[in-house]
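# Notes for the structure review
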Amino acid sequence: MKRLLSASTPSTFHSALAALALLLAQTAGAQGQLLWSDEFDSGTRPDSTIWSYDIGTGNNGWGNWELQEYTDSIDNARIEDDNLVITVRERRVGANRTGFTSARLRTQDKLMFQYGYIEARIKMPDLSDGLWPAFWTLGNNFSEVGWPACGELDILEMGWRDAIRDGLVNRWVSSAAHWQHQGNHAVFGRTYSPGLTEPADLNGEYHLFSMDWTPDRVTTYLDGKQIWTMDIHPASCTDCQELHQPHFIILNVAVGGTYPGIQHQSQVTAPLPAEMKVDYVRIYDNGHTQLSGSGLQSGPPDIGPAHSGSWYQPLQDGHGFSLEFGLQPDGTPLAVAYWYTYDDTGNPIFMIGTGVPEANRVTIDFVSPVGMVYGEFDPASVVEESGGTGVFEFEDRENATFSYTPSEFTAEAWGHTPIDALPLLKLFGVPAPDSFQP
Ligand SMILES: [Ca+2]
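Just so you know, these numbers come straight off a predicted model, no measurement behind them.

Reading the values: the criteria
Residues numbered from 1 in each chain as written. Predicted model: local features only at pLDDT ≥ 70, side-chain atom pairs only at ≥ 80, totals over all residues. Helix = DSSP H or I, 4+ residues; strand = E, 2+ residues; numbered from the N terminus. Buried ≥ 20, exposed ≤ 12 C-beta atoms within 10 Å, placed from the backbone. Contact = placed C-beta atoms within 7 Å. Pairing = 2+ DSSP bridges. Core = buried A, V, L, I, M, F, W, Y, C linked by C-beta atoms within 7 Å. pLDDT = per-residue confidence, 0-100.

Before going further, it helps to spend a moment on the overall build of the protein chain. Assigned secondary structure in the protein chain consists of five helices and 26 strands. By the burial criterion, 41% of the 438 residues in the protein chain qualify as buried. Partitioning the intrachain contacts of the protein chain with sequence separation of at least 6 by distance along the chain shows that 67% fall at a separation of at least 24.

Glancing now at the environment of Arg-361. Along the chain, Arg-361 turns up in strand 23 (residues 361-373). Given 16 C-beta atoms within 10 Å, Arg-361 falls into the partly exposed group. For Arg-361, the contacting residues outside a window of four places in its chain are Val-391 and Glu-393.

Next up on the list: the pairing of strand 4 (residues 77-80). With four bridges joining them, strand 4 and strand 5 (residues 83-93) adopt antiparallel strand pairing. Within the sheet, the bridge partner assigned to Glu-80 lies in strand 5 and is Asn-83. Hairpin connection between strand 4 and strand 5: a loop of two residues separates the two successive antiparallel strands, and Asp-81 in this loop has a positive phi of roughly 50 degrees.

A separate point is the environment of Arg-91. Positionally, Arg-91 belongs in strand 5. Contacts of Arg-91, omitting those with residues within four sequence positions, involve Thr-98, Gly-99, Phe-100 and Thr-101.

One finds Leu-131, Phe-135, Ala-177, Val-218, Leu-251, Val-255 and Val-278 to be the most contacted residues of the largest nonpolar core, which totals 76 residues. Ranked by residue count, the leading element in this core is strand 17 (residues 247-255), at seven residues. Setting aside anything within four residues of it in sequence, one finds Ala-177 in contact with Glu-152, Leu-153, Phe-188, Gly-189, Val-218, Met-230 and Leu-243. Counting 12 residues, the second-largest nonpolar core is a separate cluster that includes Phe-325, Ala-337, Met-351 and Ile-364.

In this structure, Gly-116 sits in strand 9 (residues 116-123). Under the C-beta neighbour-count criterion, Gly-116 is labelled buried, with 24 such atoms within 10 Å. Sequence spacing of Gly-116 and Leu-291 is 175 residues, and the spatial spacing of their C-alpha atoms is 9.0 Å.

This brings us to the confidence of the model for the protein chain. Taken as a whole, the protein chain shows an average pLDDT of 78; of its residues, 68% reach a score of 70 or greater. Low pLDDT (under 50) marks residues 1-30, which in the prediction has 54 contacts with non-local residues, meaning those over four places away or in another chain. Between residues 298-302, whose pLDDT stays under 50, and residues either more than four places distant or in other chains, the model counts eight contacts.

The next point concerns unusual backbone geometry. Geometrically, the link from Trp-147 to Pro-148 is a cis peptide bond, its omega value of 10 degrees lying close to zero. Checked against the element boundaries, Pro-148 lands in the loop between helix 3 (142-145) and strand 11 (152-157). The linkage connecting Leu-272 with the following residue, Pro-273, adopts the cis geometry, with an omega of 0 degrees. Within the element layout of this structure, Pro-273 appears in the loop between strand 17 and strand 18 (274-284). In the Ramachandran plot, Phe-40 falls in the positive-phi region, its phi being about 55 degrees despite a non-glycine side chain. Inspection of the secondary structure puts Phe-40 in the loop between strand 1 (34-38) and strand 2 (52-54). The exposure class assigned to Phe-40 is buried, which follows from the 22 C-beta atoms found within 10 Å. Here Asp-223, not a glycine, exhibits a phi torsion of approximately 50 degrees, which is positive. Looking at the element boundaries, Asp-223 is found in the loop between strand 15 (217-222) and strand 16 (225-231). Using a count of 12 C-beta atoms within 10 Å as the deciding quantity, one classes Asp-223 as exposed.

Here's what the structure looks like:
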């Protein structure tokens, strides 16, 4: 993120734009059709078809001397109660603080937009002092051309050092653009100045942070009130092509660094753990919007059309699963599950079942355990006429949880440990070919 951000001081180069921006203060425009959203309403992890993690400490604290380490742990990013929750945690050894963990999620290559009206409903933690949450974008060519040549749009940043100085850190919001102008880093941004400061702290309540981005202008809003605007029309903003290309979305909470002006762990006084809750991110058409990325092809959390793998639970001494997704001849999706184990006398047995996937969930009715001869099903050797109902709930295309409710068939008959609620993670390590048909 960002390097040094002089957000409250427009560069000399763009001081004329700053004056113009003040003249063009406006409220949020009418929204067009909703084109994409993540409502964070299913699973327990962010949808991996849309979101990736930045991991580690970056170079020089992600370029900003930030103090946290980013992880992909569910302790730092989870889906809960219809929200994406990013949690900043303190690391301790005994009584000593040894660092911080947090999460930074991005949609690079998976969900990009060029122009549009984007909004996120966010509840901030108490930032005082040292937390630096952000909702922002980078040009999707970031990996090829680097920063700032990729371009950056900051819809929301909080935790600014001047706000800390003035005791208003939970009220000040900044927005900015960064790009490369004739080989140099250009920045133009603005915080809510003290005169425009929100009358109350923003933390602890949901607020709507949004950006309207057209070929002519970028404008950001807090609860519909303008934060910042910038003329990006090529006639005004020359050499600004970075702001006219597909960008991806980033959500993160940093700890310390240049923006808060906090360089030492001991200066971080914010109550921890601290949670930033994001109810949704939505992109509306503003008449210019183009979406792209692999996440659009794969769609929301639907599973299938082909998915398979196997699983082994050491405590259960030889259980295995395979779950295959495909299409029936009439085009409706179907999941087929194979579940193999040993009975209590050590004989290998199979249960099989089918179900129709719905979004990220599939319910399988296991109809009967059947015998296996030399690794093949042998319906003639049914050992016990019974079954039960299994439910697979997918967090993404690789991770699922599984629960099983036996009918007359008892868990004990399956072998060595109860099986009514097996947590299955990394269930599907071996994707089936797309051409798979059950
Ligand atoms: Ca939600």
